[in-house]
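Here is what each chain is made of, one letter per residue.
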Amino acid sequence: MRHSVGIVHRLPGWLLVFVGLTSAGIAASLSPDPLSSLRPGHPRLLATAADFAALSGRAGQDPLLAATLDHVRQQAELFVAVPVVEYKLVGPRLLDQSRAALNRILTCALAFRLTGDARFRDRAVKEMLTAAAFRDWNPSHFLDVAEMSTALALGYDWLYADLTAGERGAVKQALLDKALSFAPAAYAKGGPTDKRLWFATRVNNWNQVCNGGLLAAALALADEEPALARTVIAGVCVSLPRAVTAYDPDGAYPEGPGYWDYGTTYNVLALAMLDSALGTRFDLDRSPAFQRTALYRLAVQGPTGLGFNYADGGAGMGASPAFTWLAQRFGPPAALAHSRALLADDVKKKVNARGGDRFFALHALWFPAVAKNPNDASSETPLDFHFRGPADIVLLRSAWGDPRALFVGFKAGDNSANHSHLDLGSFVLDADGVRWAADLGPDDYNLPAYFGAQRWTYFRLNNRSHNTLTPGHALQNAKAVAPIVSFGSTPNRAFAVADLTPAYPGAAKRMLRGLTLLDRARVLVQDDIAGLKSGTSLRWTMVTTAKIALSADGRTATLTEKGRTLRAEILAPANGPKFSVDSTRPPTSAENPNTGTTLLAIDTIPSSADSRLAVLLTPVGDRWPANLPPPELTPFPAR
Ligand SMILES: [Zn+2]
């Protein structure tokens, strides 16, 4: 599974010549002019009038597409009656309003194109005109501008023929004043000249979202404002490839699967809008790591349906139109089949007035039509993965296509990655349809200095709430890089070893943690510590939503949930340490109380500098092999 790939972005040839000039300079020098292939008229973003018109006919041949369009219409019906967006900040953000506008405008504009029902058009227009009249789109938090820009640009383009001259003028002026006016400063030579526009040179989700939002506006208005459009296109061609390096080398996303969805959706939107409006993606999708990222998205979701939610992100993972877009172009076939299964689940959910995924309407345009038998496709996909990069992660499972399969996600890598938690050595575990070992996910972004000096004081963000090993009650070093040092995958034994030594400077000479999936039926968590500073305690923790019962000797914990059972046994050391059950209550009342969860813990002070702590996690029940012999505990292979 492991292979080395370097980043091989290919900037368009015409652009390479001009990198280093101001974007205005680039724009003036483009040859050929990127707008020479601009599709005339509207709609031209993501779909043409013919594409929209063909949808209902195609739905006659695929019940899932029919259900998807029906879901859009039902959602639009509810949106018609809700109050319009208002200029209301939450903390420093207008983002909730931008996202609500995007959801309503995309949904209602598509519903209008499908049905011709004027109520849907009117509702999308009302939302656009309200947002257009805001004093600004909150440029001090530029994501808010980007999502609002996307909303109005797509609404303008998709509804253009049905807008009055006055409506067009108001929306166009808002896109110019509140979004595109920032483009020359964002894409200036030597980097942004306005600190609110730092996204342009960063490697994270902001880059993708903000480039996508400005590009939407630029392409919607490209015939009316060609100079500005050229500036944005040239700027995006320089800026966006930086963000794409985040997927290096194997396709994993440093900010976790939640932010994968956010950043990747806008990255794919940018590519798809270039494609539909200009007939080219300027090779912005050439990165092999980016082309592998649908595989990452497939592998990072456990058989329970929950994601391995390292970093700031919840565990829920629904259907993603960007996942479909990527799977259709770059594979693997199993990803496309999986995307279809996720969509089939999502269309069954009841719509509500708040709205679900704001990009849901894009499922109609990037629909996961699957020709191949999904079971065949699944069997081609490896069971075990190691994705390297700032998030150095390993995913092991007993089977594909089985909601009761055993699955572990194991986290190593760089604690300083954007949105990272102090979660080196942590893992999640699914079996029998239950998530037994969980990551609590993010806390409230509006907690004081959540992204600043207080970040590591918050329980959900530091190692004390993660399923890892902590010496001396220390916090992990926030700049530590702890790599996966070995990985192996055979039918009966799959494993990975992380070197956690850098996570706790000075605590020990060497701290290695291995996770081994044995017989595709149980998981051994083994910590080998060498040269532990005398008298240092070790704390082993695992967060669970299950009920925990401890044996009389405290050496076995029986976890139960939904009528299923997982057994945890301390295999090493042979005597001494016991399990305890501890609270997940955070130190302050402002933090999430983590209701419904507990910590399974082991606290020990090893008597010798070199020690081993080994815990075996075994799902118990008729579908699992009984009476397997205890595994042999061996030192990890030398590096
Ligand atoms: Zn976490």
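Quick note: structure is the one above.
Here goes a summary of the coordinates provided.

Calculation notes
Once a new chain begins, its residue numbering starts again from 1 and follows that chain's sequence as written. The predicted origin of the model limits local features to residues at a pLDDT of at least 70 and limits the giving and counting of side-chain atom pairs to 80 or more, whereas totals for whole chains, interfaces and linings rest on all residues. Only buried Ala, Val, Leu, Ile, Met, Phe, Trp, Tyr and Cys residues enter a nonpolar core, and they are joined through C-beta atoms within 7 Å. For the exposure call, what matters is how many other C-beta atoms sit within 10 Å of a residue's own: 20 or more marks it buried, 12 or fewer exposed, and in between partly exposed, using C-beta atoms placed from the backbone. For helices the rule is a DSSP run of H or I covering at least 4 residues; for strands it is a run of E covering at least 2, with both sets numbered from the N terminus onward. By the convention adopted here, residues are in contact when the distance between their C-beta atoms, placed from the backbone, does not exceed 7 Å. Helix axes are fitted to C-alpha atoms over the stretch in contact, other axes to C-alpha atoms as well, and angles between N-to-C directions run from 0 to 180 degrees. These descriptions rest on fixed angle ranges, namely under 35 degrees for roughly parallel, over 145 for roughly antiparallel, 65 to 115 for roughly perpendicular, and the rest for oblique. Take the far helix as the reference: if the near one is turned anticlockwise from it by less than a right angle, the crossing is left-handed, and if turned clockwise, right-handed. Note on residue classes: Ala, Val, Leu, Ile, Met, Phe, Trp, Tyr, Cys and Pro are nonpolar, Asp, Glu, Lys and Arg are charged, and everything else, Gly too, is polar.

What follows concerns the nonpolar core. Formed by 190 residues in total, the largest nonpolar core has its most connected members in Leu 152, Leu 214, Ala 218 and Met 273. The biggest single contributor to this core is helix H12 (residues 256–278), with 13 residues. Apart from residues lying up to four places away in sequence, Ala 218 is in contact with Leu 180, Leu 228, Ala 229, Val 232 and Ile 233.

With that settled, the discussion passes to the packing of helix H5 (residues 95–115) against helix H6 (residues 118–132). Put simply, H5 and H6 touch, their axes get as near as 7 Å, and they point 150° apart. If you check the angle between H5 and H6, you find them roughly antiparallel. Like other packed secondary-structure pairs, H5 and H6 cross with a definite hand, here left-handed. Contact residues: H5 offers Ala 101, Arg 104, Ile 105, Cys 108, Ala 109, Ala 111, Phe 112 and Thr 115, while H6 offers Phe 120, Arg 121, Arg 123, Ala 124, Glu 127, Met 128 and Ala 131. Considered class by class, the residues forming the contact of H5 with H6 number 10 nonpolar, 1 polar and 4 charged.

A separate point is unusual backbone geometry. Keep in mind that most residues, glycine aside, have a negative phi and that most peptide bonds are trans. Asp 248 connects to Pro 249 through a cis peptide bond whose omega is -10°. Locating Pro 249 in the fold gives a position in the loop between helix H11 (226–244) and H12. With a phi angle near 75°, Leu 46 is a residue other than glycine that sits in the positive phi range. Within the secondary structure, Leu 46 is located in the loop between helix H2 (23–29) and helix H3 (49–59). Residue classification places Leu 46 among the buried residues on the basis of 24 C-beta atoms within 10 Å. For His 473, which is not a glycine, the phi torsion comes out positive at approximately 55°. Since 12 C-beta atoms lie within 10 Å of it, His 473 is described here as exposed.

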